[in-house]
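If you want the building blocks of each chain, they are given just below.
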Amino acid sequence: MSNLTPMMQQYLNIHEQVPDAILFFRLGDFYEMFFDDAITASKALDIVLTGKDCGLDERAPMCGVPYHAADNYVAKLVEKGYKVAICEQISDPKESKGIVDREIIRIITSGTVTEGKNIKENDNNYLMSVYYNKLEYGVVYSDISTGETSAVYLSGDRADADFYDLLSKIMPAEILVNTTLYQTPSVKSQSELISKISFTPLSSKYFNLDDCIQQITRQLRIYSLNASGLEKNEPQIKACGALFRYLEETQKNSLAHINKVNVVHGNQYMHLDFSTKRNLEITETMRSQEKKGSLLWVLDQTVTAVGARTLKHWLNEPLIDLSAIKSRHDTLSELTGDIMLTEDMMSILKQTADIQRLCSKISYMTVNGKDLLALKETLFLIPKIKLILKDCRSEILEDIYNSLNDLSELSELIGSAINVDCGVAVKDGNLIANGFHPQVDELKNLRDNARSVLAELEKKEKEKSGIKNLKIKYNKVFGYYIEVSNSNIGMVPDYFIRKQTLVNAERYYTQELKEIENKLLNANEELIDLEYRLFAEIVEKTAERIPDLQKNAQLIGTLDVLCSLGYVSYKNRYTRPYLNTKGILHITGGKHPVIEQMIGSENFIPNDTLLDMEQNRMSIITGPNMAGKSTYIRQVAIISLMCQIGCFVPCEEADLCIVDRIFTRVGASDDLASGQSTFMVEMSEVSNILKYATKNSIVILDEVGRGTSTLDGLSIAWAVAEFLHDNERIGCKTLFATHYHELTELENGNGIVNYSIDVKQSADGILFLHKIKRGSCDKSYGIDVAKLAGLPNPVIERAEELLQLLEENESNTNKKRTPKPRVSPSRQNNTENLLNFKALTAADEIKNLPINDMTPIEVMNFIAKIKSDLGE
């Protein structure tokens, strides 16, 4: 490689620092990539692959992107899983002798991206660090685009399950792990299945305890760990230290906006596992993973990005502290009681900028003039927000009023310093407002008014010298000069310095003209440099207030969420729930908030619910499919969750206890990626419930045992119901929807109560009333539902015949008759049976044909279709 050109040798030397990254190597106005990086990037970005002489026999593969559009290309590469290193020119090419100095200024990964399409305005983008020692987990996750950083400690029998649940809640973009975790196949595979990303292993040096302590104290700017909340937890310290070191190495920046770690304790919030969040469709729908159709879709009327992110946090972490929940309810009572106040507040909040992410840009020094102006406008709005809050009396609103800081000195600095017409690119100049700095004003005057400045000097020299035809002129060779005709040479002042002699005139310059010339020729470049230095000083002063700005952002997010919940509660006529400590869950006229919005409130049939710790601990709910069992049991869980995030609830009246966990076992789906069948998934989820449910939990079970044979499934469902009811450790509130009517025999007057979904049967079929009532259902109505679904009449008739035979067998054990199969095992009989089925189906279609409403061509097409079907 000794034949390589100096620049290419520099490229390879720098690339050795980041062998696993694609290197964006700055060359003038482009970022260039070479060799394997160029081949990879050209395919990933769909850009032209060319070549460059590099000193070797063959040209080096090369591709490049314009530096001003690099963010979009970086975003594409990161989205496809690549790591990108940005290598900048750090010396001025004009002043450099030989190769321009270059160095890597930042490494961008999926968890460290802060701008571009990879960052969704209303979502966090988390980088997670995990230390695992086979017994316990230390987990720290940080969104570097907002500065939010949290730490969690997990241990005990449920540590693995809690880690999976945490992953499903956080959904990090990148996961850093120690070697032990990376080499634990069971945890690694399940984690990557949930998060849909692969682990990034870090070497043991990242998790050295002493180094981690130094890393944390340096990042948080504290003297010791005593101020961090991490001082007694070694796994958390190692996870946090490794994360901060990784950020230091990749971001090449102090990241001043990451200045505290929120230590989360397991007993702070209601526990929602992965299955529960999926089955209740809290933030996205189960099938399409879309927001529409989820609880978030109903509740989200936030008008700020920080508010939207905060609402997601609240939905993932419902409160379990009674006083904190009541405090949120008090706030909503005030907001719903004065909807004009709520709407006025939302109107002002809508105008605020995303301060959290602006703090990130300020910390990175990537903020521009427009960003600072947006910050200033947001700070100017804070007095208006406080004016609206002035007379509010709820505890949270009073705290927000007292805690918001308008940072008037900062907003005034930005307002006086930043030009309202500044561009997006900082290096393009036009940053500083007129009147802020005298030298800037002078340079602007020179740049913008060069002609008038020279005209003023020319006028002055004419008056001083008395030479009426004196002219100040310019050419590229001699620059600016004063031209005097030969007839006036005798009047030339002593301070005129001869520059050039012409046939009919002499050219001169003065010291003042020389100074003006220097200023004029260099004015724009000097102005851009000066404005940039002044702008950097303003950004540094703004960075000093990052903690205050982050506090304001948090308060604005909280206020936005409360206004959103208040507005939704008012609009949808939700009710403030009463809270009790007696373990009672009593709902009158409850509704499913999502279904209600989908079909309209007037079309939704409300239902009552009573669960307690004594006579009504478990409800066995029977009824046909499509009657509303699943909707009913889900809405009870969702109403509890809504209550504990601080929202009002969709019902006429509610008296609710605090729930520590919600467990669900709903639906049936294979987990093919992990090789688990429907029934295995079902049993795993039931097992999790039986292990970890408590007296204060709500358990939602829908069709347990349906994934295997009838007798096996019934036996399992029966045993599960008994265990939940009888086990002293559990005894939790349970809603058990089932088609096993045998379970209704469990009703014992001591905690288990039968309910059913009412239906009305007539000659035309069944009508779903969607109303829950005491007692059990007399039949499953499965064939009736199949008929509604459009199964062919021959199938319906045969099913009814088989059902009658099976019911006769069950009622007369001494005279069992086995239904005779209509389909013979032989190929010939199979074919005959298929033809018979097709003929019956065709006859059924003909019988229902609306012949009087059809045109001749439609009838001919129909006959052709029937003929084709029978012919096959």
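Because the structure is predicted, anything quoted here is derived from the model rather than measured.

(A) Quick peek at helix H21 (residues 546-571). Along its 26 residues, H21 runs 37 Å from first to last C-alpha, staying within 8% of the 38 Å computed at 1.5 Å per residue. In terms of burial, H21 is largely enclosed, as 19 of its 26 residues are buried. Two residues or fewer after H21 comes arginine 573, characterised by a positive phi angle close to 60°.

(B) Geometry of the layout of surface pockets. Of the voids in this model, the second largest pocket is the one considered here, and its volume is about 2200 Å³. Of all the secondary structure elements, the ones that give two or more residues to the lining of the second largest pocket are helix H3 (70-79), strand E5 (84-89), strand E6 (102-108), helix H14 (355-364) and helix H20 (511-543). When residues of the lining of the second largest pocket are assigned to their parent elements, the largest contribution, 8 residues, is made by H20. In terms of residue class, the lining of the second largest pocket is made up of 22 nonpolar, 11 polar and 16 charged.

(C) Summary view of helix H4 (residues 159-170). Helix length check: H4, at 12 residues, gives a terminal C-alpha distance of 16 Å against a target of 16 Å (1.5 Å per residue), a fit within 8%. By the criterion of burial, H4 is predominantly enclosed, with 9 of the 12 residues buried. All of the buried residues along H4 are Ala159, Asp162, Phe163, Tyr164, Asp165, Leu166, Leu167, Ser168 and Ile170. Directly after H4, the chain includes methionine 171, whose backbone phi takes a positive value near 45°.

(D) Spotlight on the packing of aromatic side chains. This model, assessed by the stated rule, comprises 13 aromatic pairs. Their ring planes at 20° and their centres at 4.7 Å tell us that tyrosine 137 and phenylalanine 163 sit as a pair that is stacked. Of this pair, tyrosine 137 sits in strand E8 (residues 136-143) while phenylalanine 163 sits in helix H4; the two residues are 26 residues apart in sequence, bridging distant segments of the chain. The burial state of tyrosine 137 is the same as that of phenylalanine 163; both residues are buried. Geometrically, the ring pair formed by phenylalanine 163 and tyrosine 164 is tilted, given 6.4 Å between the ring centres and 50° between the ring planes. Through a chain of ring-to-ring contacts, three or more aromatic side chains come together here, namely Tyr11, Phe25, Phe34 and Phe35.

Conventions adopted
- Residues numbered from 1 in each chain as written.
- Predicted model: local features only at pLDDT ≥ 70, side-chain atom pairs only at ≥ 80, totals over all residues.
- Heavy atoms only, no water.
- Helix = DSSP H or I, 4+ residues; strand = E, 2+ residues; numbered from the N terminus.
- Expected span 1.5 Å × (residues − 1).
- Buried < 20%, exposed > 50% of the residue type's maximum accessible area, 1.4 Å probe, protein only.
- 1 Å grid on protein atoms, 1.4 Å probe; cavity = no way out; pocket = protein on both sides within 12 Å on 5 of 7 lines; lining within 4 Å.
- Points joined across faces, edges and corners; volume = space filled by probe spheres on them.
- Nonpolar A, V, L, I, M, F, W, Y, C, P; charged D, E, K, R; others polar.
- Phe/Tyr/Trp six-rings, centres within 6.5 Å; stacked < 30°, edge-to-face > 60°.

These figures come from the coordinates and say nothing about function on their own.
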